[in-house]
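Analysis of the macromolecular model
Listed here are the chains, written in short residue letters.
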Amino acid sequence: MTALTDLPQVSECSIDGCGYNHEHGCHAGAVTIAGGTGDASCATFIPLSAKGGLDKVVAHVGACQRGECVHNDHLECGAPSIRVGAGATAADHADCLTFATA
Ligand code: SF4
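This structure is a prediction, so every number in the text was calculated from the model and none was measured.

Re the site of the ligand
Around the ligand lies a shell formed by I33, A40, V61, C64, C69, H71, N72, C77, I82, C96, T98 and F99. The residue inventory of the shell around the ligand, partitioned by class, reads nine nonpolar, three polar and no charged.

If you want it as structure tokens, here you go:
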């Protein structure tokens, strides 16, 4: 059985405008990756200047809805870790940069 701590870490996130981002690290307990076909958006992004989350925690990927990604298995992420960064458009705030299709 997989423990929650075995889930992939968010090794880096460059989205400074998110309330969970402290110095390019994500400190949410876990993130959900959602979006639409071909666009793996971080659904945990929240545009707050107030910082939240847990200081000593590095976020894990709790769930991922991008079943077409090569790393996805039963709607969970199987990558060793992921990176989150700017989305493809200005309206697309934060994307999983580790997303890949075969
Ligand atoms: S690497 Fe793929 S499966 Fe893992 S979180 Fe990103 S989009 Fe989802």
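Regarding the pattern of salt bridges
Any two side chains of opposite charge can pair, so long as their charged atoms come close to each other. Throughout the structure, instances matching the rule amount to two salt bridges. For the salt bridge of R83 with E12, the shortest nitrogen-to-oxygen distance reads 3.5 Å. Of this pair, R83 sits in strand β8 (residues 81-85) while E12 sits in strand β1 (residues 9-13), and the two are 71 residues apart along the sequence. E68 is the salt-bridge partner of R66, the closest N and O atoms lying 3.0 Å from each other. A residue is classified by how much of its surface remains accessible, and E68, at 29% relative accessible area, is partly exposed.

Examining the pairing of strand β4 (residues 30-33)
Here β4 shows a clear split, with V31 and I33 buried on one side and none of A30 and T32 buried on the other. The sheet contact formed by β4 and strand β5 (residues 60-64) spans four bridges and is parallel. Considered in β5, the bridge of A30 is made with H60.

A look at the environment of H71
By secondary structure assignment, the location of H71 is in the loop between β5 and β6 (72-73). The spatial distance from the C-alpha of H71 to the C-alpha of T101 is 8.5 Å, given a sequence separation of 30 residues. For H71, the residues in contact, after removing those within four places along its chain, are E76, C77, G78, A79 and T98.

What to know about the side chain of H60
With respect to the helices and strands, the residue H60 is situated in strand β5. Discounting chain neighbours no more than four positions away, the residues touching H60 are L4, T5, L7, P8, Q9, V10, G29, A30 and V31.

Things to note about unusual backbone geometry
Its identity is not glycine, yet E23 carries a phi of approximately 50 degrees, on the positive side. Note on placement: E23 falls in the loop between β2 (21-22) and β3 (25-26). For L75, which is not glycine, the phi dihedral falls at a positive 65 degrees. Examined against the element boundaries, L75 turns out to sit in the loop between β6 and β7 (76-77).

Parameters at a glance
In this numbering scheme, every chain counts its residues from 1 along its sequence in written order. Only residues with pLDDT of at least 70 are given local features in this predicted model, and only at 80 or more are side-chain atom pairs given and counted; all residues enter the totals for whole chains, interfaces and linings. Side-chain numbers here rest on the full set of heavy atoms in the structure, without hydrogens or water. Throughout, the term near means that a residue has one or more heavy atoms lying within 4 Å of the molecule or strand in question. In this count, Pro and Cys sit with the nonpolar residues alongside Ala, Val, Leu, Ile, Met, Phe, Trp and Tyr, while Asp, Glu, Lys and Arg are called charged and the others, Gly among them, polar. Every case where a carboxyl oxygen of Asp or Glu lies within 4 Å of a side-chain nitrogen of Lys or Arg is listed as a salt bridge. Note on conventions: DSSP H or I runs of at least 4 residues are helices, E runs of at least 2 residues are strands, and numbering of each starts at the N terminus. Accessibility here uses a 1.4 Å probe with only protein chains present; expressed as a share of the type maximum, an area under 20% marks a residue as buried, one over 50% as exposed, and anything in between as partly exposed. When DSSP finds two or more bridges between two strands, those strands count as paired. Contacts are residue-level and defined by heavy atoms, with any inter-residue pair within 4.5 Å sufficient.

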